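The lines below spell out each chain.
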Amino acid sequence: MKTNCYIHALCGYVPDAVLTNDDLSAMVDTNDEWITSRTGIKRRHKLNADQNASDLAVEAAQKTLAQCGVKAEQLTHIIAATCTPDAISPSVACLVGGKIGAGPVMAFDVSAACSGFLYGLSVCRGLLAADPDAQILFVCTEALTRRVDWTDRSTCVLFGDGASACLINSRSDGAEAELEDVVCRSDGALHDLIVVGGGTSCAYAKGDSVDEHFFIQMQGREVYKHAVRQMTHICEEVLERNGLKIDDVALLVPHQANLRIIEAVGSRLHIATEHVFTNVAEYGNTSSASVPLALRDAHDQGRLRAGDRVLMTAFGSGLTWAGGLLRFF
Ligand code: UT7
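Each chain carries its own residue numbering, running from 1 in the direction its sequence is written. With the structure being a predicted model, the display of local features is reserved for residues of pLDDT at least 70 and the display and counting of side-chain atom pairs for 80 or more, all residues being used for whole-chain, interface and lining totals. The side-chain numbers reported here are obtained from all heavy atoms of the structure, hydrogens and water having been left aside.

K.L.:
Which residues make up the overall build of the chain, and what values go with them?
P.N.:
The helix and strand tally for the chain stands at 10 helices and 13 strands. Here the C-alpha atoms of the chain give a radius of gyration of 19 Å, agreeing with the 20 Å that 2.2 N^0.38 yields for 329 residues. Projected onto its principal axes, the C-alpha coordinates of the chain cover approximately 50 × 45 × 35 Å. The buried share of the chain, taken over its 329 residues, is 54%. Long-range contacts, defined as pairs at least 24 residues apart, comprise 77% of the intrachain contacts of the chain with a sequence gap of at least 6. Of the roughly 13,900 Å² of accessible surface on the chain, 49% is carried by carbon and sulfur atoms. Charged side chains in the chain number 28 positive and 40 negative. The centres of these two groups are separated by 3 Å. For helices the rule is a DSSP run of H or I covering at least 4 residues; for strands it is a run of E covering at least 2, with both sets numbered from the N terminus onward. Both definitions apply: the radius of gyration is a C-alpha atom measure, and the globule rule equals 2.2 Å times residues to the power 0.38. The buried label applies to any residue whose accessible area, calculated with a 1.4 Å probe on protein chains only, is under 20% of its type's maximum; exposed applies above 50%, and partly exposed to all values in between. Throughout, a contact is declared for two residues whenever any of their heavy atoms are within 4.5 Å. A 1.4 Å probe and the Shrake-Rupley method give the accessible areas. Residues count as covered only by the protein chains that appear here. Only four residue types enter the charge count: Lys and Arg as positive, Asp and Glu as negative, with His and the chain ends excluded. For this purpose, a charge sits on NZ of Lys, CZ of Arg, CG of Asp or CD of Glu.

K.L.:
Describe in detail the side chain of R309, supporting the description with residues and values.
P.N.:
With respect to the helices and strands, R309 occurs in strand β12 (residues 309-316). Those residues in contact with R309 that sit more than four places away from it in its chain are E180, L244, D248, V249, A250, L251, L325, L326 and R327.

K.L.:
Can you tell me about the site of the ligand, naming the residues and giving the values?
P.N.:
The near set for a molecule or strand comprises every residue that places at least one heavy atom within 4 Å of it. Taken together, 23 residues lie around the ligand, and T30, R38, R221, N258 and N285 are the ones closest in. Polar contacts, as counted here, are pairs of nitrogen or oxygen atoms within 3.5 Å of one another; within protein the pair requires one atom able to donate a hydrogen and one able to accept it, and residues that are adjacent in sequence qualify only if both atoms are side-chain atoms. T30 places a polar side-chain atom, nitrogen or oxygen, 2.6 Å from a nitrogen atom of the ligand. Within the side chain of R38, a nitrogen or oxygen atom sits 2.8 Å from an oxygen atom of the ligand. Sorting the residues of the shell around the ligand by element identifies α2 (32-39), α6 (153-156), α7 (220-241) and α8 (259-268) as the ones contributing at least two each. The dominant element in the shell around the ligand, judged by the number of residues it contributes, is α7, at 4 residues. Note that Gly is not counted as nonpolar here; it falls among the polar residues with everything else outside the nonpolar set of Ala, Val, Leu, Ile, Met, Phe, Trp, Tyr, Cys and Pro and the charged set of Asp, Glu, Lys and Arg. Across the shell around the ligand, the residue classes tally to 11 nonpolar, 7 polar and 5 charged.

K.L.:
Which residues make up the packing of α7 against α8, and what values go with them?
P.N.:
Throughout, an axis means a line fitted to C-alpha atoms (over the contacting stretch in the case of helices), and angles, computed between N-to-C directions, take values from 0 to 180 degrees. Closest axis-to-axis distance for the α7/α8 pair is 9 Å, and the angle between their directions is 40°. Where α7 crosses over α8, the two elements pack in a sense that is right-handed. Two secondary-structure elements touch here, α7 through Y224, A227, V228, R229, M231, T232 and E236 and α8 through R260, I261, A264, V265 and R268. Across the contact of α7 with α8, the residue classes break down as 7 nonpolar, 1 polar and 4 charged. Crossing handedness is read from the near helix: turned anticlockwise from the far helix by less than a right angle, it gives a left-handed crossing, and turned clockwise, a right-handed one.

K.L.:
If you had to explain the nonpolar core to someone new, which residues and values would you point to?
P.N.:
We call a set of buried residues a nonpolar core when its members are Ala, Val, Leu, Ile, Met, Phe, Trp, Tyr or Cys and they connect through side-chain atoms within 4.5 Å of each other. The biggest cluster of nonpolar side chains holds 41 residues, and the ones touching the most others in it are L121, F138, I168, L295, V310, M312 and L326. The contacts of L295, once residues within four sequence positions are left out, are L10, F117, V253, L304, V310, M312, L326 and F328.

K.L.:
Any chance you could break down the environment of Y283 for me, citing the residues and the numbers?
P.N.:
Checked against the element boundaries, Y283 lands in helix α9 (residues 280-283). Once residues lying within four places of it in the same chain are set aside, the contact partners of Y283 are V14, R43, R44, H45, G160 and D297.

K.L.:
Requested: an account of the sheet that holds strand β11 (residues 251-254), with residues and values cited.
P.N.:
One open sheet holds the 9 strands; their spatial order is β5-β4-β6-β7-β1-β8-β13-β12-β11, and the pairing between them is mixed. What marks the edges here is a single partner per strand, and that holds for β5 (106-110) and β11. Taking the axes of each pair of neighbouring strands and ignoring which way they run, one obtains an average angle of 25° across the sheet. Any two strands between which DSSP finds at least two bridges are classified as paired. Across 2 bridges, strand β1 (residues 6-13) lies against strand β8 (residues 177-186) in antiparallel orientation. Directly across from Y6, in β8, lies its bridge partner E178. Relative to the sheet, helix α4 (residues 92-100) contacts β4 (77-81), β5 and β6 (136-142), its axis offset from that of β4 by approximately 130°. Packing of α7 onto the sheet brings it into contact with β8, β11, β12 and β13 (320-328), and relative to β12 it is tilted by some 145°.

K.L.:
An account of the pattern of salt bridges is needed here, citing residue identities and associated values.
P.N.:
We define a salt bridge as a contact between a side-chain nitrogen of Lys or Arg and a carboxyl oxygen of Asp or Glu at a distance within 4 Å. The final tally for this structure, using the stated rule, is 13 salt bridges. With its nearest N and O atoms 3.6 Å apart, the salt bridge here joins R153 to D29. You can see R153 sitting in helix α6 and its partner D29 sitting in the loop between α1 (21-25) and α2, a full 124 residues away along the chain. For E282, the salt bridge is made with R43, and the minimal N-O distance between the two is 3.0 Å. Linking E282 in helix α9 with R43 in strand β3 (residues 43-45), this pair joins segments that are 239 residues apart in sequence. When its relative accessible area of 31% is taken as the criterion, R43 is described as partly exposed. Connected through salt bridges with shared partners, the residues R125, D181 and R241 form a single ionic network.

K.L.:
Which residues make up the environment of M231, and what values do they have?
P.N.:
Along the polypeptide, M231 turns up in helix α7. Taking relative accessible area as the criterion, M231 reaches 2% and is therefore assigned buried. Sequence spacing of M231 and M312 is 81 residues, and the spatial spacing of their C-alpha atoms is 9.2 Å. Beyond its immediate sequence surroundings of up to four residues, M231 is in contact with H226, H255, I261, V265, T313, A314 and F315.

K.L.:
Tell me what's going on with the pairing of β8, and back it up with residues and numbers.
P.N.:
Of the pairings in the sheet, the one linking β8 to β13 comprises 9 bridges and is antiparallel in character. In the sheet register, V183 faces β13, and the bridge partner there is G323.

Following this line, the structure appears as structure tokens:
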């Protein structure tokens, strides 16, 4: 049986501080021409010293709650998708609940890296199947610049910080979009292709200095190949199981990691460039926040109209990947 799953007041937040490609070329051996031509990224936002991932999520969450007129005490669940939580424990979801004054809600994090928005939507849909009255605050938030190795030019140019929030419930009134479908996959055998370090496998003793395992490590070329293949396949699968053709899609909103990956997926799906959304130039790769920030920008730029169907796809550490369909109102 189909579960009603509606998205209300999708909001974004990025920190004010910006790092341009020229800023980075003063830090490592790189340049604007390389970064632009290989990735499409021009700028990325970086949180302040006094901000953590939970603070970015709270900024986005306050906008969402204000926009849909829901009080924190009315929430029943808080779900946070992140791969850069403030701490291993407590969860970002609990921290957000405490900061916004939520009641004793069910709160937990989803760890699916860049696929976090789509994995989280799937979890929210499951929670609504169990409890149609649920009022779920769903945030995606990343403090990736805290785990970037600023001496590694192959990764430090790629990532940025940001957050999104939305309210998810089973009511269509006032909703921005309906979740029509979502499919999530993984291949843990390829876990070492992208690692965000700092977990307990880093067996540090007090006073030790950290090494490269503490930071983001990525085998870029391998990840690139898997990303193009899996995002294309999962989009085809989602279209097929919903009896749709690519022409039924008004906008493809893929994970914003690399413009070349986005173009390769678009070309394999035979979707015209004007139907593919990208904002990677402005934010870089914000992992779980990337797809919702792209949806937010697409909406704000007038790229989404009532009735439009949006195909989303993401790929990240795990490896994880996912595809989903939204219908906008
Ligand atoms: O969100 C999770 C998913 N992540 C992704 O989807 C990322 C997937 N991978 C990528 O986007 C690309 O592989 C990268 C952007 C990371 C790298 O692009 P590439 O075209 O695959 O470059 P490469 O790693 O093969 O490196 C090519 C050259 C190397 O030099 P040599 O060995 O050819 O002399 C690198 O050392 O570019 C060099 N290089 C750089 N040069 C200037 C690597 N990083 C930089 C840099 N500036 N920042």
